[in-house]
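Below are the chains, spelled out letter by letter.
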Amino acid sequence: MADFKIAPSILSADFANLGAEVQAVEKAGADYCHFDVMDNHYVPNLTIGPMVAEALNPVTNMPLDVHLMIEPVDDIVPEFAKAGADIITFHPEASRHPHRTLQLIKSQGCRAGISLNPGTPVEMLDYLMDEVDLILVMSVNPGFGGQAFIESAMDKIRAIRERIDNSGRAIELEVDGGIKADNVARVAEAGADVFVSGSGVFKADDYAARMKEFREALAGVKR
Ligand SMILES: O=C(CO)[C@H](O)[C@H](O)COP(=O)(O)O
């Protein structure tokens, strides 16, 4: 069976108790801490930066999975690496030279991810497969939690799975937006490995019970 990972997005956590929220989802069985960075420029919302990553890093053993929804990208990459990011993902539209940005992220000791918006074609990956470690498919338009899953992401996930399998490289396929316990199985069947869920985890009354629902749904997936 594929090694499925669940990455709660702290965008939907209680920001007044962020450290405790991260520890609670880790205790409940989460794999990655998904850290959404928004700049009110590339996306119409404003969130958190390297200082918050630095504060959270010592309170969790989960890898910090930093999703940059900012433009430009390169200047802030070393700051997030220093702050303890394990994975840094960016949007190709926000970098003049996406291949160079992937190399920059890796030179800072992090895994390098690229994220495709619902309107971004998969073909843009074809010349980046040699450097990318993680591909993040956005199944909502970036900027906000709690949006509905965009169905066209399913074909995109299948197309990217095929590219990853043909590449012979260990690239993770992550999906973000509208992921809940009741749709995670079909997203996994389409080829995803890592499931970002914000409201699907943090809006639950009992995180452990919700994580169990995700795990049970994934246990039935044939891959
Ligand atoms: O990157 C994001 C938004 O840009 C969030 O990670 C994503 O939307 C998760 O929220 P939800 O699971 O509630 O849809």
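Keep in mind that what you see is a predicted model, and the values were worked out from it rather than measured.

Undergrad: A description of helix H8 (residues 207-219) should follow, citing residues and the corresponding values.
TA: Across its 13 residues, H8 extends 18 Å between first and last C-alpha, which sits within 8% of the 18 Å expected from 1.5 Å per residue. If you check which residues of H8 are buried, you get Arg210, Met211, Phe214, Ala217 and Leu218. For H8, the arc enclosing every buried residue in end-on projection is 120 degrees, short of the 170-degree limit, so these residues lie on one face. Facing away from the buried side of H8 by more than 90 degrees, the exposed set consists of Ala208, Ala209, Glu216 and Ala219.

Undergrad: Explain the pairing of strand S7 (residues 172-176) to me, using residue names and the numbers behind them.
TA: Along S7, five of the five residues are buried, which leaves the element largely enclosed by surrounding structure. A two-sided burial pattern is seen for S7, the buried positions comprising Glu172, Glu174 and Asp176 on one face and Leu173 and Val175 on the other. Pairing between strand S6 (residues 134-138) and S7: five bridges, direction parallel. Residue pairing for S7: Met138 is matched across the bridge by Asp176. Note: S7 against strand S8 (residues 194-197), three bridges, orientation parallel. Within S8, the residue paired with Val175 across the bridge is Phe195. As for the winding sense of the linkage, the β-α-β connection from S7 through helix H6 (residues 184-190) to S8 is right-handed.

Undergrad: Go over the UniProt feature "binding site: substrate" (unreviewed entry) in the chain, please, and point to the residues and values.
TA: UniProt tags Ser9, His67, Gly143, Phe144, Gly145, Gly146, Asp176, Gly177, Gly178, Gly198 and Ser199 as "binding site: substrate" (unreviewed entry). Within the element layout of this structure, His67 appears in strand S3 (residues 64-69). On the basis of neighbour count, His67 is assigned to the buried category, with 26 C-beta atoms found within 10 Å. Residues contacting His67, with those up to four places away along its chain left out, are His34, Phe35, Asp36, Val37, Thr89, Ser115 and Leu136. Position of Ser199 among the secondary structure elements: in helix H7 (residues 199-202). Ignoring sequence-local partners within four residues, the contact set of Ser199 consists of Ser12, Gly145 and Gly146.

Rules used in this analysis
- Residues numbered from 1 in each chain as written.
- Predicted model: local features only at pLDDT ≥ 70, side-chain atom pairs only at ≥ 80, totals over all residues.
- Helix = DSSP H or I, 4+ residues; strand = E, 2+ residues; numbered from the N terminus.
- Expected span 1.5 Å × (residues − 1).
- Buried ≥ 20, exposed ≤ 12 C-beta atoms within 10 Å, placed from the backbone.
- Arc of directions from axis to C-beta.
- Pairing = 2+ DSSP bridges.
- Right-handed = clockwise from strand over helix to strand, strands pointing away.
- UniProt positions renumbered as here; feature names shortened; annotations may be inferred.
- Contact = placed C-beta atoms within 7 Å.

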